Each structure stands twice: as structure tokens, then as C-alpha cells.
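# Residue-level structure breakdown
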Amino acid sequence: VPGGTETTGSDASGCRGTPIEMRMIMDDTLRSPMLDIDLSALRHNLGLVRAMAGDREVIASIKANAYGFGVVGISRALVAAGVRKLWTGNFDEAVALRAAGIDAEILLFGGAEPHQYEALLRHDLQPTIFDDAGASGLAAAAAAAGKAAPVWIKVDAGLGRLGVPVDEAFAFVRGVVATPGLALRGVYSHLPFGSADGRQWALDRQGAFQRLIARLAEAGVAVPVTQLWGSSGLLTGLPDDSNAVCVGHALYGLTPLEPGVGDDQSFRPLVRSLSAGIIRITEAGAGDGGTGGYGRIDNRLAATAAIGIGDGLRK
Ligand SMILES: *Cc1c(COP(=O)(O)O)cnc(C)c1O
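Keep in mind that this is a model prediction, so the values were computed, not measured. (Residues numbered from 1 in each chain as written. Predicted model: local features only at pLDDT ≥ 70, side-chain atom pairs only at ≥ 80, totals over all residues. Heavy atoms only, no water.)

### Looking at the overall build of the chain
Within the chain, the regular secondary structure consists of 10 helices and 13 strands. Each of the 315 residues in the chain was classed as buried or not, and the buried ones make up 44%. Considering only contacts in the chain between residues 6 or more positions apart, those separated by 24 or more positions represent 65%. In the form shown here, the chain has an accessible surface area of approximately 15,500 Å², with 53% of it arising from carbon and sulfur atoms. (Helix = DSSP H or I, 4+ residues; strand = E, 2+ residues; numbered from the N terminus. Buried < 20%, exposed > 50% of the residue type's maximum accessible area, 1.4 Å probe, protein only. Contact = heavy atoms within 4.5 Å. Areas by Shrake-Rupley, 256 points an atom, 1.4 Å probe, with all protein chains shown as cover.)

Structural data, given as C-alpha cells:
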């Protein structure tokens, strides 16, 4: 659903969906496809994640349009439920959240490019850095803006994708802390997995990140937030010395895990219904597309619904 998620749904206490979001949807589009999201399921899942996280702060991963469920509506519900940090990779979606009046802390996962730094600071977004170019570029943007830039440092603990290599991270973090104009908000890494083998891999890799956190603490380097695990690490109970987790899948009733790996039984799905208007009903056989087109139509009646690939519907 463009622009929002909550439509006609009632939450656990029987309240109707928020009128603001209903109006937004109607203003946004005259098309009929409608994804009805159960926000009480989101709150239920958040409660389970919080119970599993214990003392650790729950950060919500809202990347990719909140995993397709609609970033503004989902974020609004999460913030109303007490979530204070939202993490995304999408600059435009982060700006859309600000435009919607959401004032939570918003981290950008590493999608920040130098030409965006000025706008990032203007929208009060918190970029990720992992190299000297990022640190100095952001410090310069902060000086130009006349305010400190809140930054997060991403550490590569073995995924080999993004981040300062874990062996070089201690020196890099110290350098960032000593750089005028940069205000370190936290240090994080990412070791996602889906299989039992993957869990063992993450278990083998996590020690280096935990040692980094311990070393920083011993050296008296103030790191407000440390975070390593997402859904997979949390659901399989991997050890953690960090003070936060960043969870996406589990919040949305999805799982990154293969069956049998970890406990995700009691999470609830968010989608209550997907609907679209029927625009034509014909008797089968009226056309000769039975063997061409997208497959044989065996039904006596065929209904054409106004929904398709552009709405996320696959064959
Ligand atoms: C997506 C992401 C997460 C959340 O992972 P889930 O499996 O959805 O819980 C955490 N950290 C980083 C860096 C991510 O990109």
C-alpha cells in the first residue's frame, strides 16, 4: 500500500486503524490493491523479541520499505510501542519518515554517499562509516553545518561485505572518537545466517567482535551502543556482550532461518489480507489463451483482478 500500512485493521484492544493513515492511503491512490497489515501482530512480535533480548535495547530494522510492509506505518507503530532507534539502508525512506513527523533516531546502514552528507545532517539522520574517507568527509560536512555529526561505525567481523576489518577496528574507533565534529553513537557488526552450519560460522566469528568491545571498554573509549545480532543470532540464542540487537525478520513474523534452526514458532504473520477489485468476469473458453498466456484456465468462470507484478504479486 503506497504511503502507509494500517487500513481497516483493529488492534488487540479493538481500536480502529488510525484515521490519519487511512486518509493518506485514500489521498495517495485510487487503485484498489490493498494490503491489510495487522499491527497487533507487530506489537506481539516486538514483545517476544524484547523478552528474548532481555537487557539489550531492541533496535528495529526497517530497511527495504520495512521488509515490504510499508515503512511509514510500521515505523509509526514501532515508535508508539517504545522503539527509539530505526535502522534502514534507504536514504529516501529515511527522509520520508522525517516528513511523516517521526523523530526517532534513524541510522543509515551504509548507504550514505558523500554527496548525501549535507542532507543527512539536515534531516537529522545518523550515517554509518567504516573508512577514513567516510570519517573525514563527514567531519567536513559537520563543520560546514556547524553541528556535530552522529556516526556509527560498522565492523566487518567475517561477512566480508561492509565494515572496517575487525583487526583494524580498535584504532579506527579511537581515531573517530578523537575527530572533532564526529559524535560516536555506536559500533555494530552483522553476522546473519540461515542454516545450522551458518550458526556455527557466526559462533566462530562473533568472538572477535566481543573482544573488540571489551578492548574498547578497557581503554575507556565511550561507545554508547554496541550491536551484533539480528534475528538469526537472537532466535538461536547466540552469546552476546553487546547492549543492543537490531531485528527485522522476527518483528515482521518472518524468519531467516531454515526449519528446525532456532525458535520462531510463536511469531505472528503481519498480513491479514491482500485484496484487489475484480474488473471483469468471463466464462472460461471465451478466449483462446488457455494454453498460452500465463497458464491454463480450467475454472468455469475467470475473474480478472486489478493487481499484478507491480504490486509485488508473482506468478
Ligand atoms: C538487515 C540487518 C539487520 C536485521 O537483520 P534481520 O535478519 O532482519 O533481523 C541487522 N543488521 C544489519 C547490518 C542489517 O543489514
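### Some thoughts on the pairing of strand 8 (residues 182-188)
The element strand 8 is extensively covered by neighbouring structure, given that five of its seven residues are classed as buried. Pairing geometry for strand 6 (residues 149-156) and strand 8, over six bridges, is parallel. Bridging across to strand 8, K154 finds its partner in Y188. Across three bridges, the pairing between strand 8 and strand 9 (residues 225-227) is parallel. Looking at the pairing, V187 lines up with T226 of strand 9. (Pairing = 2+ DSSP bridges.)

### A short note on the packing of aromatic side chains
The tally for this structure, following the rule as stated, stands at six aromatic pairs. Here Y67 and Y252 contribute two aromatic rings whose centre-to-centre distance is 4.8 Å and whose plane-to-plane angle is 35 degrees, an arrangement assigned as tilted. Pair noted here: Y67 is in helix 3 (residues 63-67) and Y252 is in the loop between strand 10 (244-247) and strand 11 (271-275), with a separation of 185 residues, a long-range link. What makes Y252 buried here is its relative accessible area of 0%. Among the aromatic residues, those joined into a cluster by ring pairs are W87, F109, W152 and Y188. One cation-aromatic arrangement involves R215 over F170; the distance from NZ or CZ to the ring centre is 3.8 Å. (Phe/Tyr/Trp six-rings, centres within 6.5 Å; stacked < 30°, edge-to-face > 60°. Lys NZ or Arg CZ within 6 Å of the ring centre and 35° of its normal.)

### Examining the packing of helix 2 (residues 39-53) against helix 4 (residues 71-80)
Packing of helix 2 against helix 4 brings their axes to within 10 Å, and their N-to-C directions diverge by 50 degrees. Looking at the two axes, helix 2 sits oblique to helix 4. Here helix 2 runs over helix 4; the crossing is right-handed. Here L39, L42 and L46 of helix 2 come into contact with helix 4, specifically with I74, A77 and L78. Residue composition of the contact of helix 2 with helix 4, grouped by class: six nonpolar, no polar and no charged. (Axes fitted to C-alpha atoms, helices over the stretch in contact; angles between N-to-C directions. Parallel < 35°, antiparallel > 145°, perpendicular 65-115°, else oblique. Left-handed = near helix turned anticlockwise from the far one by under 90°. Nonpolar A, V, L, I, M, F, W, Y, C, P; charged D, E, K, R; others polar.)

### Observations concerning the site of the ligand
Around the ligand, the surrounding shell consists of S61, K63, Y67, F109, Y188, H190, G230, S231, C246, V247, G248 and H249. The contact in question runs from an oxygen atom of the ligand to an N or O atom on the side chain of Y67, over 2.5 Å. For the ligand, an oxygen atom lies 2.7 Å from a polar atom in the side chain of H249. Protein contact buries 95% of the 380 Å² of open area that the ligand shows by itself. Mapped onto the shell around the ligand, the elements with two or more residues apiece are helix 3 and strand 10. Grouping the constituent residues of the shell around the ligand by class yields five nonpolar, six polar and one charged. (Near = heavy atom within 4 Å. Polar contact = N/O pair within 3.5 Å; in protein donor to acceptor, adjacent residues only side chain to side chain.)

### Focus on the pattern of salt bridges
Working definition: two side chains of opposite charge can pair if their charged atoms are close together. In the structure shown here, the tally under the stated rule is nine salt bridges. Residue E57 is joined to K85 by a salt bridge in which the shortest nitrogen-to-oxygen separation is 3.0 Å. Of this pair, E57 sits in strand 2 (residues 57-61) while K85 sits in strand 3 (residues 85-88), and the two are 28 residues apart along the sequence. The same class applies to E57 as to K85, namely buried. For E105, the salt bridge goes to K85, with nearest N and O atoms at 3.5 Å. Separated by 20 residues along the polypeptide, E105 in strand 4 (residues 105-108) and K85 in strand 3 bring together distant segments of the chain. Of the residues examined, K85 reaches a relative accessible area of 5% and is grouped as buried. (Salt bridge = Lys/Arg side-chain N within 4 Å of Asp/Glu carboxyl O.)

### Regarding the confidence of the model for the chain
For the chain, mean pLDDT is 87; residues scoring 70 or higher make up 85% of the total. Low confidence marks residues 1-27, where pLDDT is under 50. Its contacts with residues over four positions away, or in another chain, come to 49 contacts. (pLDDT = per-residue confidence, 0-100.)

### A few points about a nonpolar patch on the surface
On the surface, I278, I281 and L301 cluster together into a nonpolar patch covering about 320 Å² of accessible area. Here I281 shows up in strand 12 (residues 278-283). Using a relative accessible area of 54% as the deciding quantity, one classes I281 as exposed. (Patch = residues over 30% accessible without salt bridge, like charges linked within 9 Å, V, L, I, M, F, W, Y side chains within 5 Å.)

### Examining the side chain of S242
With respect to the element layout, S242 can be found in the loop between helix 10 (231-235) and strand 10. For S242, a relative accessible area of 7% translates into the label buried. Excluding residues within four positions of it along the chain, S242 makes contact with R56, F209, Q210, T226, Q227 and L228.

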